[in-house]
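# Structure at a glance
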Amino acid sequence: QVKWKGKDLFDLVCRTLGLRETWFFGLQYTIKDTVAWLKMDKKVLDHDVPTEEPVTFHFLAKFYPENAEEELVQEITQHLFFLQVKKQILDEKIYCPPEASVLLASYAVQAKYGDYDPNVHKRGFLAQEELLPKRVINLYQMTPEMWEERITAWYAEHRGRARDEAEMEYLKIAQDLEMYGVNYFAIRNKKGTELLLGVDALGLHIYDPDNRLTPKISFPWNEIRNISYSDKEFTIKPLDKKIDVFKFNSSKLRVNKLILQLCIGNHDLFMRRRKADSLEVQQMKAQAREEKARKQMERQRLAREKQMREEAERTRDELERRLMQLKEEATMANEALMRSEETADLLAEKAQITEEEAKLLAQKAAEAEQEMQRIKATAIRTEEEKRLMEQKVLEAEMLALKMAEESERRAKEADQLKQDLQEARESERRAKQKLLEITSKSSYTQSMNSGTTALPTDLPSFNLISESLSFDFKDTDMKRLSMEIEKEKVEYMEKSKHLQEQLNELKTEIEALKLKERETALDILHNENASRGNSKHNTIKKVS
């Protein structure tokens with residue numbers, strides 16, 4: 001509405017999103033190539049917004065947490081930070097080394113696709129996804145398939161992480177990148193040297209224009225007493241009065257106002273983190289814990305149901321496999337039975353033929369014997385006839401002998417065939433018995449399979465803007481806060497040791513494929529910092 005102030009529009013957006021951690025966010029617009037943020041206590045149309053319609057605002061994170069896991073309570077807050085930081089890394093507004101880019105990509109895939117399933121997530125399923133900065137892709141002689149293989153290898157290790165958990169792991173890694181959460185402004189010191197001023201959750205940092213990774217000087221929030229500007233001149237007064245005041249000039253008055261807004265907001269959050277949580281934050285954290293516990297129980301229930309379903313499917317598959325095996329055995333037994341019956345029929349037929357042949361030979365032998373007796377009884381008058389008769393008798397005796405031997409051999413063969421027939425019939429009996437046993441087993445298995453119970457199918461506000469030209473910070477307990485900050489950083493570095501080992505392993509693996517001539521200035525600076533053992537936090541400590 002025409003009379004709405006910035007807070008009215010901002011609150012409407014937050015209510016629409018269901019967002020309660022509003023202090024991190026703002027509505028951003030661009031005027032004359034300069035970024036500006038909507039002021040909460042000023043009418044929307046009184047801002048120096050572009051005249052063309054519709055007027056476009058971007059709902060973005062204006063301030064970043066020091067430790068995302070401890071400070072971001074709502075799931076929607078975590079999701080919005082995840083989307084913004086991921087886009088900044090892909091757009092190369094935040095420098096990310098190649099090995100960390102692959103790890104972050106694997107968490108982004110886990111957040112989008114859930115647990116890795118080789119039957120679903122087959123080769124090429126990431127072909128249309130934008131997961132790595134173009135700078136990283138161009139730096140190595142690696143095909144998209146090779147990148148996908150390395151991302152998928154880490155993606156498979158994230159099994160069991162829900163979307164919010166994967167997004168939080170992404171933020172925990174990203175928050176250690178040197179350019180994470182830093183707003184850069186071009187400035188000049190008193191000598192006219194061009195520099196960059198960086199404003200983030202930890203303090204103010206001064207950089208060379210060619211090196212946005214490593215600050216030359218840092219002013220932690222707990223060591224700054226006062227920040228002010230007059231026209232284009234900006235002044236930083238350290239808490240230690242022995243240290244010289246740092247002055248610089250910016251290009252526009254509008255930029256100085258923006259710098260002061262960011263300084264006030266970041267310092268307020270810095271002090272707020274070191275105090276007891278407000279009642280609102282305590283309530284949000286309690287609700288978040290309850291919601292997290294409920295989701296954890298739901299995930300465990302779904303995991304149990306999934307496991308039961310998988311076990312039931314395995315049992316069903318095993319029963320089906322056993323049934324098929326029994327069917328195959330029954331088929332084989334039937335075939336063996338048929339072969340045994342055919343063999344028995346052939347042997348019976350052969351035995352019958354042999355028996356008939358034996359009877360025929362016996363009949364011929366009897367006839368020969370009768371002929372011999374008849375010849376002997378015949379009187380032969382002459383010697384020649386006698387000799388001839390004796391010769392015939394001898395031949396008849398030899399023929400009778402041969403006939404007797406042949407008859408005996410045929411008889412033995414008939415006996416052997418009878419024995420074979422007996423064995424074939426015994427084999428047939430055993431085959432029929434085995435078939436009956438298999439048939440009874442198959443019936444039992446089918447009854448078990450049909451009797452299995454069917455499985456259920458449904459398993460499953462602070463005003464952050466100040467118009468004043470000066471902002472004074474309280475110096476109470478500043479030394480204690482310094483010690484507390486250092487202790488927190490040391491604890492966090494210990495937690496990230498294992499992660500660093502994983503990143504170094506991947507870096508070594510892909511180093512041989514790197515194209516040195518395509519390295520950017522930030523790649524070279526990052527490698528130099530890594531070789532010296534410099535990280536984001538210890539660098540800031542050194543230059544503070």
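Residues numbered from 1 in each chain as written. Predicted model: local features only at pLDDT ≥ 70, side-chain atom pairs only at ≥ 80, totals over all residues. Heavy atoms only, no water.

## Regarding the overall build of the protein
The condition is simple: Helix and strand definitions here come from DSSP, where helices need a minimum of 4 consecutive H or I residues and strands a minimum of 2 consecutive E residues; each element is numbered from the N-terminal end. Each residue is assigned to one of three classes by its accessible area relative to the maximum for its type, calculated with a 1.4 Å probe on protein chains only: buried under 20%, partly exposed between the two thresholds, exposed over 50%.
The helix and strand tally for the protein stands at 14 helices and 11 strands. The buried share among the 544 residues of the protein stands at 40%.

## Here's the deal with the pattern of salt bridges
One side chain can pair with another of opposite charge once the charged atoms of both are near each other. The line we're drawing: The salt bridge criterion pairs a side-chain nitrogen of Lys or Arg with a carboxyl oxygen of Asp or Glu, the two atoms within 4 Å.
Scanning all chains against the criterion turns up 27 salt bridges. Notably, a salt bridge pairs E71 with R273, separated by 2.6 Å at the nearest N-O pair. In this pair, E71 sits in helix α2 (residues 68-71) while R273 sits in helix α8 (residues 253-273), placing the two residues 202 residues apart along the sequence.

## So, the sheet that holds strand β1 (residues 25-31)
Two orientations exist for strands paired in a sheet by backbone hydrogen bonds: parallel and antiparallel. To be explicit about the condition: At least two DSSP bridges between two strands are needed for those strands to be called paired. Axis definition: a line fitted to C-alpha atoms, over the contacting stretch in the case of helices. Angles run 0 to 180 degrees between N-to-C directions.
Pairing within the open sheet is antiparallel, and its 3 strands lie in the order β2-β1-β3. What marks the edges here is a single partner per strand, and that holds for β2 (34-37) and β3 (58-61). Between one strand and the next, the sheet's axes are offset by a mean angle of 45°, whatever the strand orientation. For β1 and β2, the ladder comprises 4 bridges, and the chain directions are antiparallel. Directly across from T30, in β2, lies its bridge partner V35.

## Topic: the environment of L436
Counting through the fold element by element, L436 comes out in helix α10 (residues 383-451). For the pair L436 and A333, spaced 103 residues apart in the sequence, the C-alpha separation amounts to 9.8 Å.

## Remarks on the nonpolar core
Here is a general trend for soluble globular proteins: nonpolar side chains tend to be buried in one another's company. To keep things clear, this is the line we draw: Only buried residues count toward a nonpolar core. Its members are Ala, Val, Leu, Ile, Met, Phe, Trp, Tyr and Cys residues joined through side-chain atoms within 4.5 Å. Annotation comment: domain bounds sourced from an automatic or database domain assignment. The contact definition used throughout considers only heavy atoms, calling two residues in contact when any of these lie within 4.5 Å.
The biggest cluster of nonpolar side chains holds 98 residues, and the ones touching the most others in it are V85, I89 and L204. For this core, the element with the highest residue contribution is α8, accounting for 10 residues. Split by domain, this core shows at least three residues from each of two domains, domain 1 (6-175) and domain 2 (183-275). Those residues in contact with I89 that lie beyond four places of it in its chain are I94, C96, L104, P133, Y170, A174 and L177. Residues A330, L337, A431 and I438 belong to the second largest nonpolar core, which totals 6 residues.

## Some points on the side chain of R135
Applied cut-off: Any pair of N or O atoms that falls within 3.5 Å is considered a polar contact. Within protein, one atom must be able to donate a hydrogen and the other to accept it, and sequence-neighbouring residues count only if both atoms are side-chain atoms.
Counting through the fold element by element, R135 comes out in helix α5 (residues 134-139). Here C96 takes part through its backbone oxygen, which lies 2.6 Å from a polar atom of the side chain of R135. Those residues in contact with R135, other than ones at most four positions away along the chain, are E92, Y95, C96, T520 and D523.

## Comments concerning the UniProt feature "binding site: a 1,2-diacyl-sn-glycero-3-phospho-(1D-myo-inositol)" (unreviewed entry) in the protein
Definition in use: UniProt positions are given in the numbering used here, feature names are shortened, and annotations may be inferred rather than shown by experiment.
In the numbering adopted here, UniProt assigns the feature "binding site: a 1,2-diacyl-sn-glycero-3-phospho-(1D-myo-inositol)" (unreviewed entry) to K39, M40, D41, K42 and K257. Note that K39 resides in the loop between β2 and β3. Among the structural elements, D41 can be located in the loop between β2 and β3.

## A look at the packing of helix α4 (residues 98-113) against helix α7 (residues 163-174)
Operational definition: Any angle that falls under 35 degrees is termed roughly parallel, while one over 145 is termed roughly antiparallel, one within 65 to 115 roughly perpendicular, and all others oblique. Crossings are classed by handedness, with left-handed meaning an anticlockwise turn of the near helix from the far one by less than a right angle and right-handed meaning a clockwise turn. Classification used: nonpolar for Ala, Val, Leu, Ile, Met, Phe, Trp, Tyr, Cys and Pro, charged for Asp, Glu, Lys and Arg, polar for all others including Gly.
Axis separation between α4 and α7 bottoms out at 8 Å; the angle between their running directions is 160°. Judged on the interaxial angle alone, α7 and α4 are roughly antiparallel. Between α4 and α7 lies a crossing of left-handed hand. In this structure, α4 uses L103, L104, Y107, A108, Q110 and A111 to contact α7, whose residues at the interface are R163, A166, E167, E169, Y170, I173 and A174. Partitioning the contact of α4 with α7 into residue classes produces 9 nonpolar, 1 polar and 3 charged.

## Topic: the packing of aromatic side chains
Here is the rule: For Phe, Tyr and Trp, where Trp contributes only its six-membered ring, two rings pair if their centres lie within 6.5 Å, and the inter-plane angle classes them as stacked under 30 degrees, edge-to-face over 60, or tilted in between. Two conditions define a charge located above a ring, namely a distance within 6 Å from the ring centre to NZ of Lys or CZ of Arg, and an angle within 35 degrees of the ring normal.
The full count for this structure, using the stated rule, is 18 aromatic pairs. Three or more aromatic residues joined by ring pairs form one cluster here, namely F10, W23, F24, F25, F59, Y64, F81 and Y180. Lying across the ring of Y184, R212 places its NZ or CZ 4.8 Å from the centre. Positioned over the ring face of W23 is R272, at 4.0 Å from the centre of the ring.

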